[in-house]
Amino acid sequence: AQTVTQSQPEMSVQEAETVTLSCTYDTSESDYYLFWYKQPPSRQMILVIRQEAYKQQNATENRFSVNFQKAAKSFSLKISDSQLGDAAMYFCAYRSMEYGNKLVFGAGTILRVKS
Amino acid sequence: DSGVTQTPKHLITATGQRVTLRCSPRSGDLSVYWYQQSLDQGLQFLIQYYNGEERAKGNILERFSAQQFPDLHSELNLSSLELGDSALYFCASSVAPRDQQFFGPGTRLTVL
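Cut-offs and rules
- Each chain has its residues counted from 1, following the order in which its sequence is written.
- Chains and ligands are labelled sequentially in the order written, the chains with letters from A and the ligands with numbers from 1.
- pLDDT decides what is reported in this predicted model: residues at 70 or higher carry local features, side-chain atom pairs at 80 or more are listed and counted, and totals for whole chains, interfaces and linings draw on all residues regardless.
- To get the side-chain values, take all heavy atoms of the structure and skip hydrogens and water.
- Secondary structure is summarised from DSSP: a helix means a run of H or I of at least four residues, a strand means a run of E of at least two, and numbering begins at the N terminus for each.
- Using C-alpha atoms as the atom set, the radius of gyration is obtained and then compared with a globule rule of 2.2 Å times the number of residues to the power 0.38.
- Partly exposed residues are those whose accessible area sits between 20% and 50% of the maximum for their type, while under 20% is buried and over 50% is exposed, using a 1.4 Å probe and protein chains only.
- Here, two residues are considered to be in contact whenever any of their heavy atoms come within 4.5 Å of each other.
- Note on pairing: DSSP must find at least two bridges between two strands before they are called paired.
- Axis geometry follows a simple rule: fit a line to the C-alpha atoms, using only the stretch in contact for helices, then measure angles between N-to-C directions, giving values from 0 to 180 degrees.
- A simple way to read buried area is as the amount of 1.4 Å-probe accessible surface that goes missing from two parts once joined, with both sides added.
- We define a salt bridge as a contact between a side-chain nitrogen of Lys or Arg and a carboxyl oxygen of Asp or Glu at a distance within 4 Å.
- A 3.5 Å cut-off defines polar contacts: any pair of N or O atoms within that distance qualifies, except that in protein one atom must be a possible hydrogen donor and the other a possible acceptor, and neighbouring residues in sequence count only when both atoms are side-chain atoms.
- Only Asp, Glu, Lys and Arg are considered charged, only Ala, Val, Leu, Ile, Met, Phe, Trp, Tyr, Cys and Pro nonpolar, and every remaining residue, Gly among them, polar.

Caption draft 1: Representation of the overall build of chain B within the structure. In terms of regular secondary structure, chain B is built from 0 helices and 11 strands. Start at the N end of chain B and walk to the C end: the helices and strands fall as β-β-β-β-β-β-β-β-β-β-β. Rg of the C-alpha trace for chain B: 13 Å, near the compact-globule value of 13 Å for 112 residues, within the 12% margin. Principal axes of the C-alpha set define a box for chain B whose edges measure 35 × 30 × 25 Å. Going through the 112 residues of chain B one by one, you find that 49% of them count as buried. Taking the contacts inside chain B whose residues are at least 6 apart along the sequence as the reference set, 55% of them involve residues at least 24 apart.

Right, dumping it as structure tokens:
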């Protein structure tokens with residue numbers, strides 16, 4: 001079974017600075033998707049960015065980018081120019097391409113942004 | 001707004017009771033997923049339906065059941081409720097199983 005580990009329960013960043021959230025996963029599959037979801041205090045689950053495992057190029061969405069290291073099974077999220085609105089819980093998630101399509105989530109990292 | 005709707009937003013009930021949570025997927029989406037978010041278990045997958053048929057099961061208790069109706073809306077039934085069932089229940093939908101899942105706003109269940 002696939003597992004996702006987020007080792008940082010909580011992180012803090014100064015407004016306008018850069019922060020990196022870590023995620024590692026365990027799988028025996030060669031093709032899969034990885035995601036970062038943001039959950040603000042409203043509790044809505046918002047997709048931040050996704051990466052397809054067969055693509056070597058790291059995904060980027062405006063101020064959000066990932067560092068995908070397939071061999072190391074690592075998938076970190078970098079937030080540049082942090083804004084107060086980035087404060088939220090961030091979840092790393094894995095989705096298999098073969099054995100069902102459920103999302104497997106990590107425990108989450110609370111990101112606090114200081115002004 | 002993801003286009004996925006869930007009702008009710010909040011539900012408060014007592015132990016031993018039964019409740020039904022409802023989900024309407026985005027227009028055109030055939031696949032529906034249910035997830036539970038609790039302090040103890042985190043975010044975990046419960047069950048998936050595709051075009052009315054159960055497709056995958058996760059850590060769903062026997063006291064819980066779900067179905068997807070011909071109009072594609074889905075209901076999650078929780079019975080013999082226990083304090084530990086208090087959680088945020090999310091529904092997500094996608095066009096097909098391999099497509100991006102869009103999450104609803106969730107139903108907050110409190111069991112007293």
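Caption draft 2: Layout of the sheet that holds strand S3 (residues 19-24) of chain B. Residue and element names in this part refer to chain B. One open sheet accounts for 4 strands, arranged S1-S3-S8-S7; its pairing is antiparallel. Two strands close off the open sheet at either side, each with one partner strand: strand S1 (5-7) and strand S7 (64-68). Averaged over all pairs of adjacent strands, the angle between strand axes in this sheet comes to 15 degrees, irrespective of strand direction. Strand direction decides the pairing type here: S3 and strand S8 (residues 74-78), joined by 5 bridges, are antiparallel. Residue threonine 20 lies in a different strand from S8, and its bridge partner there is asparagine 77.

Caption draft 3: Summary view of the pairing of strand S9 (residues 74-79) of chain A. Residues and elements named next belong to chain A. Sheet topology note: the strand S3 (residues 19-21)/S9 ladder contains 3 bridges and is antiparallel. When the sheet's bridge partners are listed, threonine 20 is paired in S9 with lysine 78. Taken together, the 6 bridges between strand S8 (residues 64-69) and S9 define a ladder with antiparallel strand orientation. In the strand pairing of S9, valine 66 is matched with leucine 77. Count of turn residues in the S8/S9 antiparallel hairpin: 4 residues, of which lysine 73 carries a positive phi of about 55 degrees.

Caption draft 4: Up close: the interface of chain A and chain B. On the chain B side, the residues contacting the 14 residues of chain A number 19 residues. Interface area for chain A against chain B, summed over the two sides, is near 1500 Å², with a carbon-plus-sulfur share of 51%. Taken together, chain A and chain B are joined by 0 salt bridges. For the pair chain A and chain B, the interface holds 5 residue pairs in polar contact (both at pLDDT 80 or more). Those elements that place two or more of their residues in the side of chain A that touches chain B are strand S5 (32-39), strand S6 (46-52), strand S10 (88-96) and strand S11 (103-105) of chain A. Looking at side-chain class alone, the side of chain A that touches chain B contains 7 nonpolar, 3 polar and 4 charged residues.

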